[in-house]
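Spelled out, the chains give:
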Amino acid sequence: FPSLAFGHMVPYLKDHLELSKLIAQRGHKISFISTPRNINRLPKLPPNLVPFTNFIKFPMPQIENLLKNTEATTDVPYEQVKYLKIAQGGLKQSMSEFLKDSTPDFIPFDFTSYWIPSIAKKFNISTAYFSIFIAAFLGFTGPLPGLKNDYEIRKTAEEYIVPPKWVPFEATVAWKLFEVLPMFDAPMSGDEENMSDILLVRSCSEFEPEWLKVLEDIHQKPVFPIGQLPTTSYEDDSTTIDAWRWVIHSTILILPTKLPSVRLVLVEEEGKIYREKVKEVKQLFCDKERQDSYVENLLCYLQNHRKTKI
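Calculation rules
- Residues numbered from 1 in each chain as written.
- Predicted model: local features only at pLDDT ≥ 70, side-chain atom pairs only at ≥ 80, totals over all residues.
- Heavy atoms only, no water.
- Salt bridge = Lys/Arg side-chain N within 4 Å of Asp/Glu carboxyl O.
- Helix = DSSP H or I, 4+ residues; strand = E, 2+ residues; numbered from the N terminus.
- Buried < 20%, exposed > 50% of the residue type's maximum accessible area, 1.4 Å probe, protein only.
- Phe/Tyr/Trp six-rings, centres within 6.5 Å; stacked < 30°, edge-to-face > 60°.
- Core = buried A, V, L, I, M, F, W, Y, C linked by side-chain atoms within 4.5 Å.
- Contact = heavy atoms within 4.5 Å.
- pLDDT = per-residue confidence, 0-100.
- Pairing = 2+ DSSP bridges.
- Axes fitted to C-alpha atoms, helices over the stretch in contact; angles between N-to-C directions.
- Polar contact = N/O pair within 3.5 Å; in protein donor to acceptor, adjacent residues only side chain to side chain.
- 1 Å grid on protein atoms, 1.4 Å probe; cavity = no way out; pocket = protein on both sides within 12 Å on 5 of 7 lines; lining within 4 Å.
- Points joined across faces, edges and corners; volume = space filled by probe spheres on them.
- Nonpolar A, V, L, I, M, F, W, Y, C, P; charged D, E, K, R; others polar.
- Expected span 1.5 Å × (residues − 1).
- Arc of directions from axis to C-beta.

Observations regarding the pattern of salt bridges
Then, number 1: As enumerated under the stated definition, the model contains seven salt bridges in all.
Then, number 2: Linking Arg26 and Asp292 is a salt bridge whose minimum nitrogen-to-oxygen distance equals 3.5 Å. Taken together, the residues span a long stretch of sequence, with Arg26 in the loop between helix H2 (19-24) and strand S1 (30-34) and Asp292 in helix H13 (residues 288-304) at a distance of 266 residues.
Then, number 3: Take Arg26: its relative accessible area is 25%, and that puts it in the partly exposed class.
Then, number 4: The buried category is assigned to Asp292, whose relative accessible area is 19%.
Then, number 5: The partner of Arg306 in a salt bridge is Asp105, and the shortest N-O contact between them spans 3.5 Å. Of this pair, Arg306 sits in the segment after H13 while Asp105 sits in the loop between helix H5 (92-100) and strand S3 (106-109), and the two are 201 residues apart along the sequence.
Then, number 6: Through salt bridges that share partners, Arg26, Lys288, Asp292 and Glu296 make up one connected network.

The structure is reproduced here in structure tokens:
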């Protein structure tokens, strides 16, 4: 159940390397839930995966300040995105009714649907917070309210512009103040009972093992890297540019050098050092066997920890 943004929905479905398709390829049934216009705008599935995928359309709640037929961030200017988040909260009843008549083994959800675990708990259904961001981002973001640990929750924007105290290794990761301020416009959080059973991270242990360990320490629950989920074919070397761009974006986040633009990294001479780094790790991010192993590891865990629905 992704956020109402195509940047979040597409990683669940778009290419045969993405999570839903990788799971469906192994014969597991997938129910992909969103609102009608969003589902209608998603890329078509390969014919062999259609029997394993069911698209569930929840009616979009109508709220004040949100125009009719507005269902995704692409439909609104930035200042109205907060109303989309409010509208998504109005889908709780639809989700409850759906779960009454279905028997999913687990529900992956995005950050704007933080309320999913509290509903799933009533039916004894496992949940997984599925982050499309890398572990370094989540590790820097840090602990959330309700977690049982000794980490102090940051409460001001200024606390985000310095490296976090809970990172046990040298790190220069920090945000600019203007990058942090939008987070305080419409914060999303839930209490302890709204926390998921596991975390799924769009990452791999070979790329950022230290940040994955930070996440486990913060959240005190299993953290599963599920690979890079690139949106291109492994076989066609000419199409790996999307995966490369993802790597470069990740590099911008975790390296100390501050870059003025993505164009500098992708095109200009000053960004050559980063393009060379991408070449070094290309095989890591375009390794089909490694990607498959992450999905198999996740499915094995889910099968061994399957709950009986109430």
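Right, picking up where we left off after that structure.
Examining the packing of aromatic side chains
Then, number 1: Enumeration over the complete set of coordinates arrives at 10 aromatic pairs.
Then, number 2: Note on Phe32 and Phe55: the rings are 6.0 Å apart at their centroids and 65 degrees apart in plane angle, and the pair reads as edge-to-face. Of this pair, Phe32 sits in strand S1 while Phe55 sits in strand S2 (residues 53-57), and the two are 23 residues apart along the sequence.
Then, number 3: Relative accessible area serves as the criterion here: at 3%, Phe32 is assigned to the buried category.
Then, number 4: Assessed through its relative accessible area of 30%, Phe55 is described here as partly exposed.
Then, number 5: An aromatic cluster is built from Phe133, Phe137, Phe140, Tyr160 and Trp175, whose rings are joined through pairwise contacts.

Re the nonpolar core
Then, number 1: With 36 residues, the main nonpolar core has Phe58, Met95, Phe98, Leu99 and Trp211 as its most contacted residues.
Then, number 2: The contact partners of Phe58, leaving out residues within four places of it in the chain, are Ile33, Ser34, Thr35, Pro36, Leu91, Ser94, Met95 and Phe98.
Then, number 3: Judged by nonpolar contacts, the second largest core, of 18 residues, contains Leu49, Ala128, Ile198 and Val295.

Overview of the confidence of the model for the chain
Then, number 1: Counting all residues, the mean pLDDT for the chain is 76, and 77% of those residues have values of 70 or more.
Then, number 2: Contacts from residues 250-259, a stretch scored under 50 in pLDDT, to residues over four places away or in other chains number 24 contacts.

Structural notes on the sheet that holds S3
Then, number 1: Read across the sheet, four strands follow the order S3-S4-S5-S6 without closing on themselves; strand pairing throughout is parallel. Each edge of the open sheet is held by one strand with a lone partner, namely S3 and strand S6 (223-225). The average angle at which neighbouring strand axes cross in this sheet is 25 degrees, direction not considered.
Then, number 2: Here four bridges tie strand S4 (residues 126-131) to strand S5 (residues 198-201), and the two strands are oriented parallel to one another. Bridge assignment links Ala128 to a residue of S5, and that residue is Ile198.

Examining the environment of Asp197
Then, number 1: Counting through the fold element by element, Asp197 comes out in the loop between helix H8 (177-180) and S5.
Then, number 2: Asp197 sits 71 residues away from Ser126 along the chain, and the two C-alpha atoms are 6.2 Å apart.
Then, number 3: Once residues lying within four places of it in the same chain are set aside, the contact partners of Asp197 are Ile125, Ser126, Thr127, Lys221, Pro222 and Lys307.
Then, number 4: Looking at Asp197, its side chain comes within polar contact range of the main-chain nitrogen of Thr127, at 2.8 Å.

Things to note about empty space enclosed by the protein
Over the atoms a probe the size of a water molecule is rolled, and this reveals where empty space is left.
Then, number 1: Evaluation of the coordinates by the stated rule reveals one cavity of 30 Å³ or more.
Then, number 2: By volume, the largest cavity is sized at about 60 Å³.
Then, number 3: Lining the largest cavity are 10 residues; nearest its centre among them are Gly227, Gln228, Leu284, Asp287 and Gln291.
Then, number 4: Those elements that provide at least two residues to the lining of the largest cavity are helix H12 (272-285) and H13.
Then, number 5: For the lining of the largest cavity, a count of residues per class yields five nonpolar, three polar and two charged.

Thoughts on H13
Then, number 1: Counted at 1.5 Å a residue, the expected span for H13 with its 17 residues is 24 Å, and the 24 Å between its end C-alpha atoms agrees.
Then, number 2: Those residues of H13 that sit buried are Gln291, Asp292, Tyr294, Val295, Leu298, Leu299 and Leu302. Along the axis of H13, the buried residues cluster in a sector spanning 155 degrees; they form a single face. In this structure, H13 carries Glu289 and Asn304 as exposed residues pointing more than 90 degrees from its buried face.
Then, number 3: Structurally, H13 contributes buried residues whose contacts are with H2, S3, S5 and S6.

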